[in-house]
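# Structural overview for review
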Amino acid sequence: MHIIVCIKQVPDSAQIRVHPVTNTIMRQGVPTIINPYDLVALEEALRLRDRLGGSVTVLTMGPPTAEDSLRKALTFGADRAVLLTDRYFAGSDTLATSYALAHAIKKVAEMWGEPDIVFTGKQTIDGDTAQVGPGIAKRLKLNQLTYVSAIKELDMDSRTLTVERRAEGGVQVLKTRLPVLITVLEGINEMRRGTMEAALNAARAQVTIWNATDAGIPELTLCGLRGSPTVVKKVFAPGARTEKAHQIETKGLSPAEIAEAALAEIFQRQPAVEADVMRNAESI
Amino acid sequence: MSQAPTQKAAGGSRAGMSKELPEHFKSYKHVWVFIEFEHGAVHPVSFELLGEGRKLADKLGVELAGVLMGAGADEIRDGIAECFEYGADVVYTVTDPILSHYRNEPYTKAMTDLVTTYQPEILLLGATTLGRDLAGSVATTLLTGLTADCTELAIDDERSLAATRPTFGGSLLCTIHTLNYRPQMATVRPRVMPMPERQPGRTGRVVAHPLGMVETDIVTKILQFVPDSESDKAQLAYADIVVAGGLGLKSAENFQLVKALAETLRGEYGGSRPLVQKGWITADRQIGQTGKTIRPKLYIAAGISGAIQHRVGVEGADLIVAINTDPNAPIFDFAHVGIVADALDILPALTDALAKRLYVNRLAG
């Protein structure tokens, strides 16, 4: 079977700082990582391949430096890696991103076989939209399974699979046909440690690098900023609340005394909460 | 790439582009809210969106409509009435046994058919697992813009939707417009917008629309639905009282102190993102921009520094109480009540003090 995993190289958001004067992101020196949610997708793909055979292709769209993330994916055991990079892709929103990725997947299919499954993470940690996966599914007419928490059954003969999907208020057990696009939930597996052999292979491996033409993208006007219906009008830092917190006196007081004072302050500000707590306690 | 703003996006070639809407989009009018209806009930986020949609519709001088899908007219009758009472002027309905539970294919078809037939200028959906699954498919089918997880919606002076959302994990906010395409789509997470007041007896128009699909058209089948047992799944988003811990608790064992206080308050407990990464709590208990947004009456944050990604998830709380040893922790910038002390001392003291009050109250009868 052939599995394609779409990943994204993202800035490590834990280390992002906002410039205090200009209110812009200070990108310099911020390390990049593979979007953590995508690693869950990659691990799930590698497990399926190890069990059922076939190959895993990792695909990303990004600047030339995104090759680092692809090499990392190869060290985990992916079989091949494709980088889609072109200035035409700069400024893509979710619609333009899914357009470019969908065409790149078609090209991957031409080169290495039709994919049975396309995986993505549930969302990225920089954009957080969770919309590119569904966009790709729609464009390639793949059956869409989002927020998948377990792949219960995969039958390559009948080309059917059964998954558990996190839904509102419960779990849906869904059965559908290949090919599918799956976005996986976090925490369903733990990324393997790459083997020495995979690391050596990764060092030798060629990352396939495509520009828009190589990837066979027909309409450049549908890529990047030009192909994006949404436009960012304004970027700003959240405003500070003018009023600082009212501090409970703590100097020289015991935790019990501080707690009493804090409770009094809380209940004075929120009498409804006090009433609720007292009533709920009685009902038990 | 997604919607991460770039220098180019903010001031690049698109900024100078004509904002003239193509002729075929000029007839697009009115504000719509997708009403999430599952297991016999409307998801509260849909009412929150009706409240927000009402403001947008009034500003534009147009109607507010809800879109409600379900198995049959009887099943959704109460849901329709609720839509009117929470502010809708019109409710578009699509009913078919195929729609009794959410599936991407039929819901996408119903939604896109309605949009192309009745042509709304704005379409809002809840950023739930259902709403996010549906929104991406609908926007891609219609080839229009979609802004995910908005925290503020407004109409600008050119009558277009200005959708503000956090970006880079909440470090920054950006305002996004959809140029030259309709409808302008946005999703909003539960509890980000306040619940509007219900107006009993308020009513409106119902417009029924056919689905035009048969079950054999649909590849994906639902074999089973396993509801969350209420006991072990966090009901954080809609809890009135929430106690949460952060790295200041120093160990997974100490997190018990958070649970104990939450239990005494009959509230829910949660934690900041690093605790999920450390495995101290499960992901469904994460509070913040990438976890749950909460709007409780009382929020107690113990040993949480208050990074912006946490802040955007709790700002809607009526009362925020922060316990932190660092007097300069950013959490004191948005908490209402601060306690500069070690959470490991204060949490058990609060639990004891509260237990004492409850005991006295019970004696007093």
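Contacts between chain B and chain A engage 100 residues on the former and 96 residues on the latter. Where chain B abuts chain A, roughly 8,600 Å² becomes buried across the two surfaces, and 59% of that area is made up of carbon and sulfur atoms. Taken together, the links from chain B to chain A amount to five salt bridges. Put simply, D133 of chain B and R165 of chain A hold a salt bridge, and the shortest N to O gap is 3.6 Å. Here chain B is connected to chain A by 27 residue pairs in polar contact (both at pLDDT 80 or more). Per-element tally for the side of chain B that touches chain A: the top contributor is helix α10 (residues 343-364) of chain B, with eleven residues. Here the residues of the side of chain B that touches chain A sort into 45 nonpolar, 32 polar and 23 charged. Bridge count between strand β11 (residues 170-177) of chain A and strand β13 (residues 221-227) of chain B: six bridges; the pairing is antiparallel. The residue bridging K175 of chain A from the neighbouring strand is K221 of chain B, located in β13 of chain B.

As for its placement among the helices and strands, D38 of chain A is situated in helix α1 (residues 36-52). Leaving out residues up to four positions away in the same chain, D38 of chain A has contacts with V5, C6, I7, K8, G121 and Q123 of chain A.

The next point concerns the pairing of strand β15 (residues 268-271) of chain B. All names here are of chain B. Of the two faces of β15, the one carrying E268 and G270 and the one carrying Y269 and G271 are both buried. Relative to β15, strand β14 (residues 241-245) runs parallel, the two sharing four bridges. What sits directly across from G245, in β15, is G271. Once the chain exits β14 it traverses helix α6 (residues 256-264) before rejoining the sheet at β15, and the crossover so formed is right-handed.

Okay, the sheet that holds strand β8 (residues 152-155) of chain B next. With antiparallel pairing, the four strands of this open sheet are ordered in space as β14(A)-β10(B)-β9(B)-β8(B). Either end of the sheet is taken by a strand with one partner, and the two such strands are β14 (230-236) of chain A together with β8 of chain B. Within the sheet, the average angular offset between the axes of one strand and its neighbour, ignoring direction, is 30°. In terms of strand pairing, strand β9 (residues 161-167) of chain B meets strand β10 (residues 172-178) of chain B through five bridges, oriented antiparallel. Of the residues in β10 of chain B, the one forming a bridge with T164 of chain B is T175 of chain B. Taken strand by strand, helix α2 (residues 44-60) of chain B contacts β8 and β9 of chain B, and its axis lies near 15° from that of β8 of chain B.

For the rest of this paragraph, the subject is the sheet that holds strand β1 (residues 31-35) of chain B. All names here are of chain B. On the basis of which strands lie adjacent, the open sheet formed by seven strands has the order β7-β11-β6-β1-β4-β5-β12 and parallel pairing. With one partner strand each, in any of the chains shown, β7 (146-150) and β12 (205-208) form the two edges of the open sheet. The mean angle between the axes of side-by-side strands here comes to 25°, regardless of whether they run parallel or antiparallel. Across the sheet, α2 is in contact with β1, β4 (64-70), β6 (122-126) and β11 (184-188); its angle to β1 comes to roughly 175°. Against the sheet, helix α5 (residues 129-142) contacts β1, β6, β7 and β11, and its axis sits at roughly 150° relative to β6.

Let's shift gears to a nonpolar patch on the surface. The grouping of Y359, V360 and L363 of chain B at the surface amounts to a nonpolar patch, some 360 Å² of accessible area in total. Of note, V360 of chain B is situated in helix α10.

All names here are of chain B. Tracing the backbone through its elements, the reader meets A307 in the loop between β16 (298-302) and α8 (308-314). Classification of A307 as partly exposed rests on a relative accessible area of 41%. Sequence separation between A307 and A329 is 22 residues, and the spatial gap between their C-alpha atoms is 8.9 Å.

Moving on: the packing of aromatic side chains. With the rule as written, the count across this model stands at eight aromatic pairs over all chains. When the centroid spacing of 6.2 Å and the interplanar angle of 15° are considered together, the rings of W112 of chain A and W210 of chain A count as stacked. Here W210 of chain A lies in strand β13 (residues 208-210) and W112 of chain A lies in helix α3 (residues 94-112), a separation of 98 residues in the sequence. Overall, the relative accessible area of 28% leaves W112 of chain A in the partly exposed class. Owing to a relative accessible area of 7%, W210 of chain A belongs among the buried residues under this scheme. Pairing Y102 of chain B with Y107 of chain B gives two aromatic rings, centres 4.9 Å apart and planes at 65°, and the pair type is edge-to-face. Since its relative accessible area comes to 2%, Y102 of chain B is described here as buried. What makes Y107 of chain B buried here is its relative accessible area of 2%. Seen from the ring of Y88 of chain A, R87 of chain A lies directly overhead, with NZ or CZ sitting 4.9 Å from the centre.

The subject of this paragraph is the domain arrangement of chain B. All names here are of chain B. Taken as a whole, chain B is organised into domain 1 (6-217) and domain 2 (231-364). Centre-to-centre separation of domain 1 and domain 2, based on C-alpha positions: 33 Å. Each partner contributes to the interface: domain 1 provides 14 residues, whereas domain 2 provides twelve residues. Roughly 1,100 Å² is buried in total at the junction of domain 1 and domain 2, and carbon and sulfur atoms are behind 48% of that figure. Along the contact surface separating domain 1 from domain 2 lie zero salt bridges. In this assembly, domain 1 and domain 2 are joined by eight residue pairs in polar contact (both at pLDDT 80 or more). With three residues, α2 is the single largest residue contributor to the side of domain 1 that touches domain 2.

Rules used throughout
- Residues numbered from 1 in each chain as written.
- Chains lettered and ligands numbered in written order.
- Predicted model: local features only at pLDDT ≥ 70, side-chain atom pairs only at ≥ 80, totals over all residues.
- Heavy atoms only, no water.
- Contact = heavy atoms within 4.5 Å.
- Buried area = accessible area lost by both parts, 1.4 Å probe.
- Salt bridge = Lys/Arg side-chain N within 4 Å of Asp/Glu carboxyl O.
- Polar contact = N/O pair within 3.5 Å; in protein donor to acceptor, adjacent residues only side chain to side chain.
- Helix = DSSP H or I, 4+ residues; strand = E, 2+ residues; numbered from the N terminus.
- Nonpolar A, V, L, I, M, F, W, Y, C, P; charged D, E, K, R; others polar.
- Pairing = 2+ DSSP bridges.
- Buried < 20%, exposed > 50% of the residue type's maximum accessible area, 1.4 Å probe, protein only.
- Right-handed = clockwise from strand over helix to strand, strands pointing away.
- Axes fitted to C-alpha atoms, helices over the stretch in contact; angles between N-to-C directions.
- Patch = residues over 30% accessible without salt bridge, like charges linked within 9 Å, V, L, I, M, F, W, Y side chains within 5 Å.
- Areas by Shrake-Rupley, 256 points an atom, 1.4 Å probe, with all protein chains shown as cover.
- Phe/Tyr/Trp six-rings, centres within 6.5 Å; stacked < 30°, edge-to-face > 60°.
- Lys NZ or Arg CZ within 6 Å of the ring centre and 35° of its normal.
- Domains from an automatic or database assignment.

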